[in-house]
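Each chain, written out:
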2 protein chains.
Amino acid sequence: MAILEAATRAIARHGVRGMRVEDIAADAGVSVALIYYHFADRAGLLRRTLEFISDRANRYTTVSLAADPFDKVSDMLLLELQDVPAVRENSTAWGELRASAIFAPELREQLRAATQTWVDEIADVVGQAGVAADPVEAAERLTSLVEGLSERWLSGSMTLERARHLLRGAISAEFRGAVGAEPGGA
Amino acid sequence: MAILEAATRAIARHGVRGMRVEDIAADAGVSVALIYYHFADRAGLLRRTLEFISDRANRYTTVSLAADPFDKVSDMLLLELQDVPAVRENSTAWGELRASAIFAPELREQLRAATQTWVDEIADVVGQAGVAADPVEAAERLTSLVEGLSERWLSGSMTLERARHLLRGAISAEFRGAVGAEPGGA
């Protein structure tokens with residue numbers, strides 16, 4: 001939907017605090033009144049945009065047709081590190097939502113729930129492989145790493161290729177059940 | 001220095017885009033003119049603040065007296081996940097700087113250099129243990145994970161204890177040389 005795409009773009013470029021309904025209306029080619037009609041207020045628009053961002057990430061990361069759990073998790077996570085506009089915009093807006101949630105209690109619960117959904121999806125596939133000591137832990141570590149690597153890439157501190165390479169190493173280790181044990185164990 | 005502490009606080013609370021020299025002057029109890037006298041312009045103040053944030057993180061994470069490389073790296077990284085005001089403020093401002101650098105080319109090079117310094121310090125200690133296949137890779141992965149976990153904790157998607165637990169698992173795996181190899185290797 002054009003309004004939610006425009007809102008995502010606005011958050012990516014100006015942050016949550018700098019998101020202006022007037023700019024979104026202009027970008028989407030609709031009136032400000034129409035936005036208020038659909039979303040009631042700025043908080044309502046923000047809520048639906050966060051949902052849109054989660055759903056869209058979900059769409060572009062669940063296209064994997066791989067049967068093997070390792071390949072499937074690799075596909076799901078590596079698709080977050082792609083140099084295409086939808087992914088760049090989504091990840092940038094997601095980073096802004098995280099940063100803003102620190103001082104915006106109204107965002108925190110929704111962001112926590114969206115994060116949980118993502119973790120559960122990855123944990124489910126990791127669990128199918130039956131190798132990780134604790135699939136939920138593995139999923140929390142891998143998705144947190146994706147967020148950290150994504151921000152480094154987007155902010156110009158790391159190349160995309162390097163971020164993907166580092167992530168692959170971490171996925172392999174989780175799938176060998178090599179993470180989460182005490183030192184000296186292997 | 002009071003001005004740089006106030007600037008860090010301002011970035012943490014309002015983001016880089018929302019950082020106002022007037023607010024910083026009021027918070028630090030100095031005149032706006034004094035700030036411009038010291039830092040020339042807003043960009044100069046921002047540059048010195050990023051430096052201050054890196055240096056301060058450096059101070060609170062290098063207090064480890066541990067001789068063993070594993071204990072030392074654990075101390076250095078886990079000190080980034082502490083519920084004390086200086087760490088919260090520093091990490092929040094750091095997250096804002098990362099998010100802003102995406103559209104602020106003037107921040108990117110300095111942020112990249114500060115990240116590199118951090119990675120080099122960790123890689124150096126990891127290397128002393130002589131177990132990781134590639135100490136620089138290990139350091140890049142661990143510091144990226146710290147950033148991801150820190151943002152999850154600060155934004156209320158994860159408890160501090162959980163973040164620390166997940167990080168410990170990742171450090172142990174890197175110190176067993178268990179990360180970065182191909183699947184099926186162990």
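Everything discussed here concerns the structure shown above.
Remember, it's a predicted structure, so these values are computed and weren't measured experimentally.

Participant: Residue-level account of the packing of aromatic side chains, with values.
Facilitator: Residue and element names in this part refer to chain A. For the structure on display, the rule yields two aromatic pairs over all chains. Between F70 and F175 the ring centres are 5.3 Å apart and the planes differ by 85°, which places this aromatic pair in the edge-to-face class. Pair noted here: F70 is in helix α5 (residues 69–78) and F175 is in helix α9 (residues 160–175), with a separation of 105 residues, a long-range link. The residues F70 and F175 share a single accessibility class, namely buried.

Participant: Break down unusual backbone geometry for me, with residues and values.
Facilitator: Glycine aside, negative phi is the norm for most residues, and most peptide bonds take the trans geometry. All names here are of chain A. Even without being glycine, A40 reaches a positive phi, approximately 70°. Looking at the element boundaries, A40 is found in the loop between α3 (32–39) and α4 (42–61). Of the residues examined, A40 reaches a relative accessible area of 60% and is grouped as exposed.

Participant: Account for the environment of E137(A), with residues named and values stated.
Facilitator: Here E137(A) lies in helix α8 (residues 135–154). Sequence separation between E137(A) and A173(A) is 36 residues, and the spatial gap between their C-alpha atoms is 13 Å. The contacts of E137(A), once residues within four sequence positions are left out, are R162(B), H165(B) and L166(B). At 2.6 Å, the side chain of E137(A) forms a polar contact with the side chain of H165(B).

Participant: Can you explain α5(A)? Please cite residues and give values.
Facilitator: All names here are of chain A. Burial within α5 is extensive, with seven of its ten residues counted as buried. For α5, the full list of buried residues reads P69, F70, V73, S74, M76, L77 and L78. Its side-chain oxygen 3.2 Å from the backbone nitrogen of F70, D68 forms the N-cap of α5.

Participant: Lay out the nonpolar core in plain terms, naming residues and giving numbers.
Facilitator: If you look at the biggest cluster of nonpolar residues, it comprises 60 residues, and the most contacted ones within it are V73(A), L77(A), L167(A), V73(B), L77(B) and L167(B). For this core, the elements supplying multiple residues, two or more each, are α5, α7 (105–129), α8 and α9 of chain A together with α5 (69–78), α7 (105–129), α8 (135–154) and α9 (160–175) of chain B.

Participant: Let's hear about the pattern of salt bridges: which residues, and what values?
Facilitator: A pair can form between side chains of opposite charge whenever their charged atoms are brought close. Taken as a whole, this structure holds 28 salt bridges over all chains when the rule is applied. Salt-bridge contacts for D27(A) lead to R9(A); the nearest nitrogen and oxygen are separated by 3.1 Å. On the criterion of sequence distance, the pair formed by D27(A) in helix α2 (residues 21–28) and R9(A) in helix α1 (residues 2–14) is long-range, its members being 18 residues apart. Given a relative accessible area of 30%, R9(A) falls into the partly exposed group. One salt bridge in this structure joins D83(B) and R88(B), with 2.7 Å as the shortest N-O distance. Judged by its relative accessible area of 33%, R88(B) is partly exposed. Residues joined in a network through salt bridges with shared partners are R20(A), E22(A) and D23(A).

Participant: For the relation of the copies chain A and chain B, give the residues involved together with the corresponding values.
Facilitator: Relative to chain B, chain A is turned by 180° and slid 0.0 Å along the rotation axis, the superposed coordinates differing by an RMSD of 0.0 Å. Within this description, the copies of the chain are treated as partners about a two-fold rotation axis. Both copies contact each other with a shared surface, as 100% of the interface residues of chain A are interface residues in chain B too.

Participant: Describe the side chain of R152(B), naming the residues involved and giving the relevant values.
Facilitator: Along the chain, R152(B) turns up in helix α8. Judged by its relative accessible area of 1%, R152(B) is buried. A distance of 3.4 Å separates polar atoms of two side chains, one belonging to R152(B) and the other to E147(A).

Definitions and cut-offs
Residues numbered from 1 in each chain as written. Chains lettered and ligands numbered in written order. Predicted model: local features only at pLDDT ≥ 70, side-chain atom pairs only at ≥ 80, totals over all residues. Heavy atoms only, no water. Phe/Tyr/Trp six-rings, centres within 6.5 Å; stacked < 30°, edge-to-face > 60°. Helix = DSSP H or I, 4+ residues; strand = E, 2+ residues; numbered from the N terminus. Buried < 20%, exposed > 50% of the residue type's maximum accessible area, 1.4 Å probe, protein only. Contact = heavy atoms within 4.5 Å. Polar contact = N/O pair within 3.5 Å; in protein donor to acceptor, adjacent residues only side chain to side chain. Core = buried A, V, L, I, M, F, W, Y, C linked by side-chain atoms within 4.5 Å. Salt bridge = Lys/Arg side-chain N within 4 Å of Asp/Glu carboxyl O. Least-squares fit on C-alpha atoms with pLDDT ≥ 70 in both.

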